[in-house]
Amino acid sequence: MVEGGKCVLGVVNYLRGQVEVEIEGTFPERFFNLCSQQGVAFWDLKRQDDTRLRARMHLSGYRRAQACAGQALCTLTLLGRRGAPVLWRRLKKRSMLLAGALAGVAALLFLSRFVWEFEVRGNRTVGADAILHHLAELGVKPGVYGPSVDIETVKNEMLLRIGELSWLTVNIRGSRAVVEVRERAPKPEIRALDVPCNVVAARDGVVTRMETLAGTPQVAPGQTVTRGQLLVSGVVDSRQVGARFLHARARVFARVWRDITAVTPLQTAEKQYTGRVSKQRTLVIAGYRTKISVLDFKFFEKCDKVIKTSTLRLPFGGALPVSLVTETAREYTTRTVPRDREAAATLLREALKRKLAAALGGEGAVLKAGFAETESAAALTVRLLAECEEQVAVQVPLG
Amino acid sequence: MPSGPEARAPKQRLWERAANLLDLPADVVAGLPRVEILGCRRLLMENHRGILAYGGEAIDINGGQVVVRVRGQQLELRAMNAAELALDGVIRSVEFVF
């Protein structure tokens, strides 16, 4: 049908080429009839006035329409041509432009076979940089020819190189490679329940409570124990069975006293930037570096070096293999300045608290804590004295 | 050409009768015009034989044994080829003139 699928029809009309014409005559219907008899389809008719109309028709039907206009005593004026054939006719004369366009398309097709962008997915503890570094060592890096990558070999090599990975694959789609990884689940601690052992105290303290799961308790709550003292014995002796050797298990909580000390100097070195800066810009295209700075990069004896990499990106987010690396070295000198005593003491107290919490683990609790500060000529010493309740039982093999 | 309700209905041609008898679509077998009207803004017609009169308020289309007269306002031929045509505009009436 002449009306069907406007979009598709528009594309077809563009590909076939179309002309806009003006028909002038007293009886335009004669022209329409002759055109339809000759197989010349037309559309988008617009009346200009009583005798003039405008319409569009296919480029191929224009000559026949001219003949029809002559027969129908109408005047046919060409207003414009458009579509692919018209464009082609215009481009045919500009051979270099056409060659450039073709070369562009060829370059696009050729370069899209190379991998320019990498993305690592699924990693949690292993860094993406480490994975990409190992891949680069295997030859899979920006600029690699996609079809040349042997995925199976890369997989096997990568799993051997990075022990934390249990599975890896590289999906190359066009110029983008997605490295999917799965990390290995950590090996669980296996308790050798068949190995006989005792439970002894890890620290000096006063036993507050005991939870004996296997073995014979050797102490009771309220009793003072010293480090290494037997708390639960793995040897069970009975008249009926005789001596049995067990894997003694127990949780023994005791009040213990911890004494932790931290020292910090009361003078510190402070950076003072001299204002001397050296910069170097490097253009990196597909891994090849080209220095674009005129001046040589200078390293000062004492300097901060900052490297900033700006990657060229497409508007929709895809990265291009072009980046600008700016290296900046900023010179500084150091001078010794006195530190604020109270700030230093607060810092040490916080550090001691963190250290104590880490030592107690999840099962311990601080019952009482106090800090003592002493100051010498150049250093501040903070001492933490804490009374804690913590789990002191540790297993030691028998014999 | 006689027209109006008092006009005599035209005789059925052989192909029309055959199509009716065999329960076949008459537009395909006998080449009768098929007219489709979308609301009052568009008219599509298949198997036309050409346009007899073309104006903004009336367009006469040759349908073989019958002339289809479309009346309305701002009537315009939207597209046309050898077998089909489409009209746009405000359609007030469609009349079959024998």
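The structure under discussion appears in the preceding block.
Basis of the calculations
Residues numbered from 1 in each chain as written. Chains lettered and ligands numbered in written order. Predicted model: local features only at pLDDT ≥ 70, side-chain atom pairs only at ≥ 80, totals over all residues. Pairing = 2+ DSSP bridges. Helix = DSSP H or I, 4+ residues; strand = E, 2+ residues; numbered from the N terminus. Axes fitted to C-alpha atoms, helices over the stretch in contact; angles between N-to-C directions. Contact = placed C-beta atoms within 7 Å.

## A short note on the sheet that holds strand β24 (residues 393–397) of chain A
Residues and elements named next belong to chain A. Within the open sheet, the 4 strands sit side by side as β12-β14-β10-β24. Their pairing is antiparallel. Each edge of the sheet is formed by a strand with only one pairing partner; in this case those strands are β12 (216–217) and β24. Where strand β10 (residues 197–201) lies against strand β14 (residues 230–233), 2 bridges are found, and the strand directions are antiparallel. By the bridge assignment for β14, Val200 is matched with Leu230.

## Some remarks on the sheet that holds strand β6 (residues 117–121) of chain A
Residues and elements named next belong to chain A. Overall, mixed pairing links the 3 strands, which are arranged β6-β9-β8 in an open sheet. Each edge of the sheet is formed by a strand with only one pairing partner; in this case those strands are β6 and β8 (165–173). When strand polarity is set aside, the average angle formed by the axes of neighbouring strands in this sheet is 15°. Bridge count between β6 and strand β9 (residues 176–183): 5 bridges; the pairing is parallel. Counterpart to Glu117 in the pairing with β9 is Arg176. Across the face of the sheet, helix α6 (residues 128–137) comes into contact with β6 and β9 while running at roughly 130° to β6.

## Here's the deal with the pairing of strand β11 (residues 205–214) of chain A
All names here are of chain A. Of the pairings in the sheet, the one linking β11 to strand β13 (residues 224–225) comprises 2 bridges and is antiparallel in character. Bridging across to β13, Gly205 finds its partner in Val225. Strand direction decides the pairing type here: β11 and strand β17 (residues 249–265), joined by 7 bridges, are antiparallel. In the strand pairing of β17, Glu211 is matched with Arg251.

Worth remembering: the numbers are spatial, not functional.
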